[in-house]
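Chain and residue survey
Residues per chain are reported as follows:
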Amino acid sequence: MALSPYRSSLQGGTFRPSAMRLERPLSMGSSTKQSAAAAATVVTPPPRSKSSSSLSQTRRSASATRPSRDESGGRVRVAVRLRPRNADELIADADFGDYVELMPELKRLKLRKNNWDSETFQFDEVLTETASQKRVYEVVAKPVVESVLEGYNGTVMAYGQTGTGKTFTLGRLGEEDTADRGIMVRAMEDILADISSEQDAVTVSYLQLYMETVQDLLAPEKDNIPIVEDPKTGDVSLPGVTLYEVRDQRSFVELLQIGEANRFAANTKLNTESSRSHAILLVNVRKTVRPKQERELAALNENVTNLQLSKGHRIPTIRRSKLIIVDLAGSERVDKSGSEGHTLEEAKFINLSLTALGKCINALAENSPHVPIRDSKLTRLLRDSFGGTARTSLIVTIGPSPQHRGETTSTILFGQRAMRVENMMKLREEFDYKSLCRKLETDLDRLVAENERQNQAVLDAEEEMEQKIQEAQQSVTEAEKKLATTLEEMAAERFRFQKEHAETLHKLEQERALREKLEKELKDNAQNLHAQKEKQMQSEKAKHQKELEDFKQRHQQELIDLTKRLEVEHSQRDSLERKLVEVEHLVKQKGKIELGGQEQIMFLTNQCKELSRLKEKAEKELQEFRSKTTLATKKLKEENASLSKENKTLQHDLEESLKQKKALEHEVKNVKQQLFKLNFEADETRKSRDKEPTRTLIGSDSPLLNSHKPMNMRDSLNGQRASIAKLFEEVGLQKILSLLDSEDMGVRVHAVKVVANLAAEEANQEKIVEAGGMDSLLSLLQTSEDETIQRVAAGAIANLAMNETNQELIMAQGGIRLLARTANQAEDPQTLRMVAGAIANLCGNDKLQGRLREEGGIKALLGMVRSRHPDVLAQIARGLANFAKCESRGVTEGCRKERSLLIDDGALPWIISNANSESSPVRRHIELALCHLAQHEVNAKDLVAAGALWELLRISEECSREDIRNLAKRTLTASPTFQSELRKVHLGHG
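First, a word on what this report is: a plain description of the structure on this page. (Residues numbered from 1 in each chain as written. Predicted model: local features only at pLDDT ≥ 70, side-chain atom pairs only at ≥ 80, totals over all residues. Heavy atoms only, no water.)

Structural notes on the overall build of the chain
Along the backbone of the chain there are 34 helices and 21 strands. Taken across its 990 residues, the chain has 43% of its residues classed as buried. In the chain, the share of contacts with a sequence separation of at least 24, taken over all contacts with a separation of at least 6, comes to 75%. Working note: accessible area of the chain is about 54,500 Å², and carbon and sulfur atoms make up 51% of it. (Helix = DSSP H or I, 4+ residues; strand = E, 2+ residues; numbered from the N terminus. Buried < 20%, exposed > 50% of the residue type's maximum accessible area, 1.4 Å probe, protein only. Contact = heavy atoms within 4.5 Å. Areas by Shrake-Rupley, 256 points an atom, 1.4 Å probe, with all protein chains shown as cover.)

Put into structure tokens, the structure is as follows:
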């Protein structure tokens, strides 16, 4: 609510804004007549004819007497905004719990009276301390601004204790950061963006109500402006207030700076720049619109029966609306604010005006016949905002500190009463008949001349048109015939295309299935072929070489045999030819040949022919054998070349496979090195942490997170997280998770440590679960026998169990059984601490209590007591406290009536025996668990029998924490069983 940035910057200087200043009375009312009179001082219309003026007067009177069709009711909308804690409150409220609890999704606010009792309020909007200025504007003020632009009056008002952020919400200029702009600046931006600079107009005034005097913040010399009321309508006006016409956003911001510089402020204990006056920003909007023609005709027919308007001559409508933004001064108590002297007088007037406003709100909320409007000038100025005709939004601002419990409750109740106030919204508009008449007269002269020209043109065109119509009819008839024929052809073609398309799709599906099948077979065969080809290549090469040698030797032997045979036949033929020559010679000498000699000669001749035929056959076979030998040799050469090529291809594939294998081995080696380095840093950090004194704190059992560690250890953790983040970006989560299944035990240990460190960051938890990290961690917990892996996996599960969704997933996958089994088998205190932390997180979920107990979660917690290590006992106590708190919540809500499951599982003796433990974390959790168990009357007899009553008495008197001490006192007082036991020993507790 501090105003110093723009109050002090303008002190002592003269500033002249670029906006246009208009000196005239300001009307706070809503009547159309006064708005028209105000507009007349800004723009003077040109003179017109007497007849036109009288017609306009008749129409204006008709529209003025006609009731508005836009009158409707609207409740005052109320939003609540919580201011963040400041530095002083963080220190002062460190020992107190949160007094205010917001439920923005339900639009509810809960005020805690104490640790077990609270009161819930429903609002139209609930804005948390992190809500942006833009969201506040869109929720609270934007609907009002839109209504103002539509012609309705609107009011936005901020109410609350001093120092809760009212001026920040409304009047922040956003000079340093545009995101901090308040409602005033953002509302003017929307108004200027919606209006037309030629036809529309926006004027503003900035006032303050200081000690029951109205002062002009834009003209400080006007320090006592009277409020004038119309006795007939009751409308309020402020004569003499300065009006500035705004053309752009910059001039408006300059006006706000001037006003804030002139506003009264003072330094109090609650606020260094406390506003001492109520600031009121008035924005008047004049906007020209063109409504629908039906509405115009209905309005005109009331007085003018024969007048008809064309589409181009619709009656323009002028809407005159008003937006009021009120920054109320903060209510304060004098004993808290430290006001004295003049500041005390200011506080009195502020509280009196706010009290008067509260009385009016109460009267309107209760439908009282009398509303004390005239008790204060503030209520007189805002009479149209509450119970009037404006659309009103109220934002109440509160602080988080329980030190101001009374002021916060009063503010909330004020907002609740304001939500019951009903307004009757009314549209502020009138018809602009003067401009319409001027336009109609001009258009009438133009249309008369144009009509004469068009009549002659129509006569000339009619004859031509008749001829064209006849020709067009003939053309249409022919076109219809052609169209029918074309449609039939197209239908047939379309049917054929559809059939072909279906067949094509079927073929494609078959081809796709065949392709997938072939690709699968090819993939399977490629793996086998890659291993077999190298062996087959060597054996086939040797086999082919051997066959080639045998083939060559066999053919060479056959060639030698055929050559020898041919030589023998040649020698036989030569001998026969010689014999034939001799015989013929003998025949010639003797001259006589016997019959037997002739037959012998014929026989020898036939043998010669046979020998010639055999020789030719042998030569032919030899030629064929040579050609076959040549072809076989060529074929063998081609096969050798093909085998050589395949051999080169296989060698290239083998080389590529070796390269990929080496690259993967190198990448795995790098990942291993990074994992070893990260785990070495984690081990060093753990060693340095073990050397530090033990610091027990609730929630400090997280494997990685501890906000109370020394600075050097925190730097080491930050460096370790940076290294893990870098590894996460370079390697990827999927590869890290794949290393959890590595055969190398060292790699697996380092991988699970990295996953555990990643799980400590909330941003990584969802990614780990989506990538299957939860399944891998549970699998490691189930299958691994290495205690280091079990310890780190349990720590990672404990980190993931901080999220409610992950808790349900862990339970669904049997995680509690695995954790219980690990708790029963492990002996290492660190492993037990991790397992106990995971189960303790699951104990805080109301939905999982039954399953947690059925699957042995409580038994597992109690079984780990054997460790006696203080860190393990602290986690066990935290889990029992969470479980007891959930049961207590169920009893309060009426969902549970049976005896505590902790008592059924035998946890009560251990709780009582450790209620006064020397370890502070163990004692604090046990005390809280005991108090929650005692809140259910069904458990009271068991607690008395076990001796818990005396521990509760000790807690109510000696506990170091006030909230636990008060809870124990209330429990003893509220329980009839405990009171009866105390009366027996004369120790009544009240």
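Section: helix α32 (residues 948–958)
α32 sits mainly inside the fold: 8 of its 11 residues count as buried. Residues of α32 that are buried include every one of Ala 948, Leu 949, Glu 951, Leu 952, Leu 953, Arg 954, Ile 955 and Ser 956, and no others. Where α32 is buried, its residues meet α29 (908–913), α30 (920–934), α31 (940–945), α33 (962–974) and α34 (976–984).

So, the packing of aromatic side chains
Counted by the stated rule, this structure contains 2 aromatic pairs. Ring geometry for Tyr 159 and Phe 414: centres 3.8 Å apart, planes at 15 degrees, overall stacked. Within this pair, whereas Tyr 159 is found in strand β9 (residues 154–160), its partner Phe 414 is found in helix α13 (residues 405–418), the two being separated by 255 residues in sequence. Side by side, Tyr 159 and Phe 414 carry an identical accessibility label, which is buried. Between Tyr 210 and Phe 264 the ring centres are 3.9 Å apart and the planes differ by 15 degrees, which places this aromatic pair in the stacked class. (Phe/Tyr/Trp six-rings, centres within 6.5 Å; stacked < 30°, edge-to-face > 60°.)

Section: the sheet that holds strand β5 (residues 100–103)
The strand order across the open sheet built from 3 strands is β5-β6-β7, with neighbouring strands paired in antiparallel fashion. Each edge of the open sheet carries a strand with a single partner, namely β5 and β7 (118–122). On average, each strand axis in the sheet is inclined to that of its neighbour by 20 degrees, with strand direction left out of account. Of the strand pairs in this sheet, strand β6 (residues 108–112) and β7 are connected by 5 bridges, and their pairing is antiparallel. For Leu 109, the partnering residue across the bridge sits in β7 and is Phe 121. Packing against the sheet, α13 makes contact with β5, β6 and β7, and its axis sits at approximately 150 degrees to β6. (Pairing = 2+ DSSP bridges. Axes fitted to C-alpha atoms, helices over the stretch in contact; angles between N-to-C directions.)

What to know about the packing of α30 against α32
Running from N to C, α30 and α32 cross one another at 115 degrees; their axes reach a closest spacing of 11 Å. You can see that α30 and α32 cross each other, and the crossing is left-handed. Across from Glu 927, Leu 930, Cys 931 and Ala 934 in α30, the residues of α32 making contact are Ala 948, Glu 951, Leu 952, Arg 954 and Ile 955. Residues belonging to the contact of α30 with α32 are distributed by class as follows: 6 nonpolar, no polar and 3 charged. (Left-handed = near helix turned anticlockwise from the far one by under 90°. Nonpolar A, V, L, I, M, F, W, Y, C, P; charged D, E, K, R; others polar.)

Overview of the side chain of Thr 389
With respect to the helices and strands, Thr 389 occurs in the loop between α12 (377–381) and β19 (391–398). Within the structure, the side chain of Thr 389 is placed 2.8 Å from the side chain of Asp 384, a separation counted as a polar contact. (Polar contact = N/O pair within 3.5 Å; in protein donor to acceptor, adjacent residues only side chain to side chain.)

Describing unusual backbone geometry
Positive phi, close to 55 degrees, is recorded for Lys 107, a residue that is not glycine. Assignment of secondary structure puts Lys 107 in the loop between β5 and β6. Phi is positive for Arg 868, which is not a glycine, with a value near 60 degrees. Turning to its location among the elements, Arg 868 is positioned in the loop between α26 (857–863) and α27 (870–892).

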